[in-house]
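Here are the chains, one letter per residue:
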Amino acid sequence: MNCHLRALILILPLAAITGCASPVYYFQAVSGQLEILNKRRPVEEVLSDPATPPQTRQQLTLVRRLRDFASQELGLPDNPSYRSYADLERPFVIWNVFATPELSLKPRQWCFVFAGCVSYRGYFARDKAERFATDMKQGGYDTYVGGVPAYSTLGWLNDPVLNTFINRSEADLAGLLFHELAHQVVYVGGDSAFNESFATVVELEGVQRWFGRHGTAPQAEAYRQKIRRREQFIALVLKHKAKLAGIYTSNLGVAEKRAAKKRIFGELRNDYAALKTDWGGHSDYDKWSEQDLNNAHLAAIGMYHQYVAAFQKLLRQQGDDLKNFYRAARQMANLPRDERRMALQNF
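Now for a look at the structure at hand. (Residues numbered from 1 in each chain as written. Predicted model: local features only at pLDDT ≥ 70, side-chain atom pairs only at ≥ 80, totals over all residues. Heavy atoms only, no water.)

The next thing to look at is the overall build of the protein chain. Along its length, the protein chain carries 13 helices and 8 strands. Dimensions of the protein chain, computed from C-alpha atoms along their principal axes, come out at roughly 65 × 50 × 45 Å. Taken over 347 residues, the protein chain has a buried fraction of 48%. (Helix = DSSP H or I, 4+ residues; strand = E, 2+ residues; numbered from the N terminus. Buried < 20%, exposed > 50% of the residue type's maximum accessible area, 1.4 Å probe, protein only.)

Spelled out as structure tokens, the structure:
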């Protein structure tokens, strides 16, 4: 039995005694991860296979270059992660379920072996995610089910490139690989804001360096414009999120809070439409804004960026030396939670 399979099998009995999630839930998680491992093929093998579609061949060739760049130029782990390919024959690898109370923005948390406590619950099958979301909704929660194209096992297993993200643009593909590999460098169980902000800074810095070395000026500018749109969208959502927070903590009655909630989400849609006009019609976030929005849709917004500015300052402080940056981030990760947050807030 190989070491990866042994590691997965050991999770199940350990999970059963944590009291944080049921053995049934962990069984679907283990089964889903085993499916990924069983479908992996070395990138070189896929590239040499005459049956490989030209588009996949082209993208895997790019992945090979990006993967080498990640280790050689960004100091990210040089291991078998993203040096194999798996076609899962579905659009997302997992579906995350977010749940918040009807009149609160505080998301429900679930705790898991290794990953710690997070504000979502992931399923490898959409129907199971939808069923769980329905159960939560019947319990009075706002819910949101979002498809996820990739995730990191934090170096425990050798994550493959997946069909769920292989056909992304060069900038998006580079950013995703650099982001997920960054989780193998620094990760604090139960502190999603720290983890995602750190990985986002590695992603942004890595893509800029990639285009500076291998891209063109128009590619680099298009990427910068996309990041600006992302920052503007996040700022817009956080503005309305703050309005909702004020409503929910006010002395208004339940009926008044519900009416205000409906009004603010309407304002959010209108403001996004105006922002889209300023962007010249770019529709980056149309699918998100067209949903029946509720509190759960806001759960992850801002989490990936809460400490981005602080980590960018830390990188500058380290003379833009990524290895020193990683070392400083690890030192911060070892601090008690409150001290870690204080250190980031003081940048």
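The 3 strands are arranged 1-2-8 in an open sheet whose pairing can be described as mixed. What marks the edges here is a single partner per strand, and that holds for strand 1 (41–42) and strand 8 (161–162). Summarising the sheet, strand 1 and strand 2 (residues 84–86) pair through 2 bridges and their orientation is antiparallel. Bridge pairing in strand 2 links Pro 42 to Ser 84. (Pairing = 2+ DSSP bridges.)

The terminal C-alpha atoms of helix 12 (residues 322–333), which comprises 12 residues, lie 16 Å apart, in line with the 16 Å expected from a rise of 1.5 Å per residue. Considered for burial, the residues of helix 12 that qualify are Leu 322, Phe 325, Tyr 326, Ala 328, Ala 329, Met 332 and Ala 333. Projected onto a plane normal to the axis of helix 12, the buried residues spread over an arc of 165° and lie on a single side. When the buried face of helix 12 is taken as reference, the exposed residues oriented beyond 90 degrees from it are Lys 323 and Gln 331. Of the surrounding elements, those touching the buried residues of helix 12 are helix 4 (54–74), helix 7 (192–214), helix 11 (308–317) and helix 13 (337–345). The N-terminus of helix 12 is capped by Asp 321, whose side-chain oxygen sits 3.0 Å from the backbone nitrogen of Lys 323. (Expected span 1.5 Å × (residues − 1). Arc of directions from axis to C-beta. Contact = heavy atoms within 4.5 Å. Polar contact = N/O pair within 3.5 Å; in protein donor to acceptor, adjacent residues only side chain to side chain.)

What follows covers the side chain of Thr 143. You can see Thr 143 is positioned in strand 7 (residues 141–148). Beyond its immediate stretch of four places on either side in the chain, Thr 143 contacts Phe 98, Ala 99, Ala 133, Met 136, Lys 137, Asn 294, Ala 296 and His 297.

Attention now moves to the packing of aromatic side chains. Within the structure shown, the criterion is met by 22 aromatic pairs. Aromatic rings pair up to connect Tyr 25, Tyr 26, Trp 110, Tyr 123 and Phe 132 into one cluster. Over the ring of Tyr 25 we find Arg 121; its NZ or CZ atom is 4.2 Å from the centre of that ring. Stacked on the ring of Phe 132, the Lys or Arg Arg 121 has its end atom at 4.7 Å from the ring centre. (Phe/Tyr/Trp six-rings, centres within 6.5 Å; stacked < 30°, edge-to-face > 60°. Lys NZ or Arg CZ within 6 Å of the ring centre and 35° of its normal.)

In this section: the nonpolar core. With 63 residues, the main nonpolar core has Leu 76, Phe 165, Phe 178, Phe 198, Phe 311, Phe 325 and Tyr 326 as its most contacted residues. In terms of residues, this core owes the most to one element, helix 7, which gives 10 residues. If sequence neighbours within four positions are ignored, Phe 178 has contacts with Leu 66, Phe 69, Ala 70, Leu 74, Leu 76, Val 202, Glu 203, Gly 206, Val 207 and Trp 210. Phe 233, Ile 247, Leu 268 and Trp 279 belong to the second-largest nonpolar core, a separate cluster that totals 23 residues. (Core = buried A, V, L, I, M, F, W, Y, C linked by side-chain atoms within 4.5 Å.)

The next point concerns the packing of helix 7 against helix 12. At their nearest, the axes of helix 7 and helix 12 sit 12 Å apart, and the two run at 175° to each other. Between helix 7 and helix 12, the angle is such that the two are roughly antiparallel. Mapping the contact onto sequence places Phe 194, Phe 198, Val 201, Val 202, Glu 205 and Arg 209 in helix 7 and Leu 322, Phe 325, Tyr 326, Ala 329, Met 332 and Ala 333 in helix 12. (Axes fitted to C-alpha atoms, helices over the stretch in contact; angles between N-to-C directions. Parallel < 35°, antiparallel > 145°, perpendicular 65-115°, else oblique.)

The next point concerns unusual backbone geometry. Despite not being glycine, Leu 154 shows a phi value in the positive range, around 65°. Mapped onto the elements, Leu 154 comes out in the loop between strand 7 and strand 8. Even without a glycine there, the phi angle at Asp 320 is positive, about 60°. Along the chain, Asp 320 falls in the loop between helix 11 and helix 12.

So, on to the pattern of salt bridges. Here the structure, examined in full by the defined rule, presents 25 salt bridges. Between Glu 35 and Arg 90 there is a salt bridge, with its nearest N and O atoms 3.1 Å apart. You can see Glu 35 sitting in helix 2 (residues 23–39) and its partner Arg 90 sitting in the loop between strand 2 and strand 3 (94–101), a full 55 residues away along the chain. Classification of Glu 35 by relative accessible area gives partly exposed; the value is 24%. Judged by relative accessible area, Arg 90 falls into the buried class, the value being 15%. Arg 126 is paired through a salt bridge with Glu 130; the nearest N and O atoms lie 3.4 Å apart. In this pair, Arg 126 and Glu 130 both sit in helix 5 (residues 126–138), 4 residues apart, roughly one turn of the helix. By relative accessible area, which is 48% here, Arg 126 ends up partly exposed. Residue class for Glu 130 comes out partly exposed when judged on its relative accessible area of 32%. The structure contains a network of salt bridges with shared partners spanning Glu 205, Arg 209, Arg 316 and Asp 320. (Salt bridge = Lys/Arg side-chain N within 4 Å of Asp/Glu carboxyl O.)

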